[in-house]
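Each chain is listed here by its residues.
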Amino acid sequence: MAPSSLVKLTALHFIAGKLCMTQKNNKKQQRKTFVFHPLLFGCLPILALVAYNIKQLDFLHTVRSIVVTLLVSIFVFILSVLLLRDRHKGGLLASLTLILVFTYGHVYDLLENGSLLGHHRLLVLIWLAIFVLGMLGIVKLKTKLDKLSTIFNLVSVLMAAVPIFLIIKAEISPRQTPATNPSLDEIWQPASSPAGSPDVYFIVLDSYARSDMLETYHHYDNSAFVQSLQRMGFYVADCSKSNYSNTPSSIASTLNMDYLDQFAAKTIRNNQHLYDLGETIKYSKTAQQFGSLGYQFITFETNTWWLDITHSDQFISQSTTQWQKLLDFRFVSDFEQHYLHTTALRLVDEFLNTRQNQNTKGELSIEKARYDQVLHGIDQLDQLPATSNPKFVYLHLMAPTSPYVFSSDGSFQYTPANAPGYVDEIEYLNQRVLQSVRQIISRSDTPPVILIEGDHGLNPEVQNANLMAFYLPDDGDQALYPTITSVNSFRIVFNKYFDADYPLLEDIAYSSAYQTPFDFEIVDYPCAVE
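Moving on to the sheet that holds strand β4 (residues 314–316). Two orientations exist for strands paired in a sheet by backbone hydrogen bonds: parallel and antiparallel. One open sheet holds the seven strands; their spatial order is β2-β9-β8-β1-β5-β3-β4, and the pairing between them is mixed. The open sheet terminates on both sides in strands that have one partner only, identified here as β2 (235–236) and β4. Looking at chain direction, strand β3 (residues 296–300) and strand β5 (residues 391–397) are connected through four bridges and run parallel. What sits directly across from I298, in β5, is V393. Across the sheet, helix α18 (residues 366–382) is in contact with β1 (200–205), β3, β4 and β5; its angle to β5 comes to roughly 155°. Each of β1, β5, β8 (449–454) and β9 (468–471) touches helix α19 (residues 418–443); the most contacted strand, β8, lies at about 165° to it.

Take D199: it is sitting in the loop between α7 (182–187) and β1. Among the polar contacts made by the side chain of D199, one reaches the side chain of K391 at a distance of 2.9 Å.

Before going further, it helps to examine the packing of aromatic side chains. All told, the structure shown has 34 aromatic pairs when counted by the stated rule. Taken together, a centroid distance of 5.3 Å and an interplanar angle of 5° make the contact between F297 and F392 stacked. Here F297, found in strand β3, pairs with F392, found in strand β5; they are 95 residues apart in sequence, far enough to count as distant. Its relative accessible area of 11% is what places F297 among the buried residues. Under the relative-accessibility criterion, F392 is labelled buried at 1%. Between F518 and F520 the ring centres are 6.3 Å apart and the planes differ by 75°, which places this aromatic pair in the edge-to-face class. On the accessibility criterion, F518 (11% relative accessible area) is buried. F520 sits in the partly exposed class, given a relative accessible area of 27%. Taken together, the ring pairs connect W188, F202, F290, Y295, F297, F392, Y394, F490, F494, F498 and Y502 into an aromatic cluster.

All told, the structure shown has ten salt bridges when counted by the stated rule. D199 serves as the salt-bridge partner of K391, at 2.9 Å between the closest nitrogen and oxygen. With K391 in strand β5 and D199 in the loop between α7 and β1, this pair connects stretches of sequence that are 192 residues apart. Of the two residues, K391 and D199, both sit in the buried class. The partner of R491 in a salt bridge is D258, and the shortest N-O contact between them spans 3.6 Å. Taken together, the residues R491 in helix α20 (residues 489–498) and D258 in the loop between α10 (247–256) and α11 (260–263) connect sequence positions 233 residues apart. Each member of the pair, R491 together with D258, is buried. Members of the salt-bridge network, linked through shared partners, are D379, D382 and R432.

Rules and cut-offs
- Residues numbered from 1 in each chain as written.
- Predicted model: local features only at pLDDT ≥ 70, side-chain atom pairs only at ≥ 80, totals over all residues.
- Heavy atoms only, no water.
- Pairing = 2+ DSSP bridges.
- Helix = DSSP H or I, 4+ residues; strand = E, 2+ residues; numbered from the N terminus.
- Contact = heavy atoms within 4.5 Å.
- Axes fitted to C-alpha atoms, helices over the stretch in contact; angles between N-to-C directions.
- Polar contact = N/O pair within 3.5 Å; in protein donor to acceptor, adjacent residues only side chain to side chain.
- Phe/Tyr/Trp six-rings, centres within 6.5 Å; stacked < 30°, edge-to-face > 60°.
- Buried < 20%, exposed > 50% of the residue type's maximum accessible area, 1.4 Å probe, protein only.
- Salt bridge = Lys/Arg side-chain N within 4 Å of Asp/Glu carboxyl O.

Written out as structure tokens, the structure is:
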């Protein structure tokens with residue numbers, strides 16, 4: 001063999017050896033690259049949602065959502081790797097799938113109003129097209145998969161770090177009491193409660209409409225209930241209205257004794273979510289004033305994350321511990337429902353909600369859990385023990401509101417439609433409310449103050465027309481009038497029984513759609529007395 005040929009052959013062997021070593025090193029490097037970005041991308045939406053609402057949330061209540069999301073992400077990742085037989089490609093496919101699934105509801109919310117794409121049929125087709133094209137692109141990838149995985153890992157860490165930091169910061173920082181309308185402090189500063197101060201009960205019946213609206217829209221005569229209250233000494237306002245048509249706005253204004261622009265101007269100005277008012281409910285001016293007067297604050301669980309006041313002096317719940325509640329999957333909290341609504345599971349939920357036929361619900365259903373919770377709240381109200389200090393008791397019953405879970409005799413009956421579910425719940429609630437207030441009045445050494453209110457009505461066109469009934473002993477009803485609105489309820493209570501000097505505000509009712517909660521329209525409804 002010629003020397004030149006030998007040199008060429010040696011060179012070829014050297015190059016081949018180098019290429020082989022390079023391929024082995026690449027494979028070794030790929031084996032070393034740990035793929036974890038699908039887990040972070042999968043959990044990113046729930047972490048962002050928790051971080052955004054952390055001021056209104058107990059972090060423990062979010063643990064179940066985070067854990068389930070993580071398990072789903074792991075499952076999708078494993079399935080994708082098995083399908084493509086490559087962890088790098090499987091990781092990319094899993095991240096794509098999880099991002100599409102967990103952002104669907106957010107994108108739909110953005111497009112729903114005024115967009116041609118704001119329809120499930122179109123958006124689902126777009127999402128499927130993105131998934132198919134993305135999967136085909138991932139399958140065809142040939143080189144540098146390890147570097148691509150490293151980039152995705154880094155991006156996922158950077159994106160997840162922001163909400164995780166915000167959550168940790170909120171959890172280790174002391175909870176700050178929000179400003180609650182300083183102008184009220186200029187009018188009256190409570191010192192201590194006078195001797196013989198009454199217990200105060202605030203009972204909210206969710207979506208309980210005014211009697212004339214029950215007659216007009218549901219052909220239901222509620223006069224027997226009203227007359228029973230009146231015989232016990234209640235004043236029932238004939239033309240009452242809630243100041244707002246949505247629960248967060250209505251309860252916030254009632255408990256803070258003012259209109260939203262006076263204590264939640266930033267929330268309105270920044271057009272934040274309706275549930276951001278939860279902080280003003282949890283740390284309301286009314287609770288603050290009763291606390292200054294030496295009252296014990298007692299609240300009940302509603303299973304609604306922005307409404308539950310867990311830091312009260314006594315928080316009454318069905319669960320012995322919060323961990324027990326987390327393991328009971330019959331309870332799907334309002335936060336968890338809100339989270340599910342931001343995912344592709346929104347499609348399933350809205351499909352099921354279009355079915356208006358009677359559905360059989362078992363003992364372990366979410367609807368049965370709602371039924372048990374409402375009953376538990378009423379039963380515990382009846383059994384509240386006497387306390388050394390006067391007490392301010394706030395019970396918000398999630399009835400009569402959908403899902404309707406009571407028959408008129410109090411047995412469990414799930415009815416998805418307003419008729420007859422709404423009226424059936426009212427009939428049973430009427431019986432239990434009358435029974436409860438009789439017991440409260442009879443066992444109280446000092447005649448109590450009792451406010452029974454609907455946070456709003458039911459029918460959208462008259463949704464501010466709510467029930468308002470007052471038991472104000474010692475001629476407290478002299479300050480009441482037929483057209484009262486909720487914003488003046490506690491002003492009257494503090495004026496009468498604690499020598500406050502709050503001026504009564506003009507009674508204005510604001511209506512707004514759920515999608516645009518701060519786009520208010522002033523409404524009024526005639527009633528028989530006017």
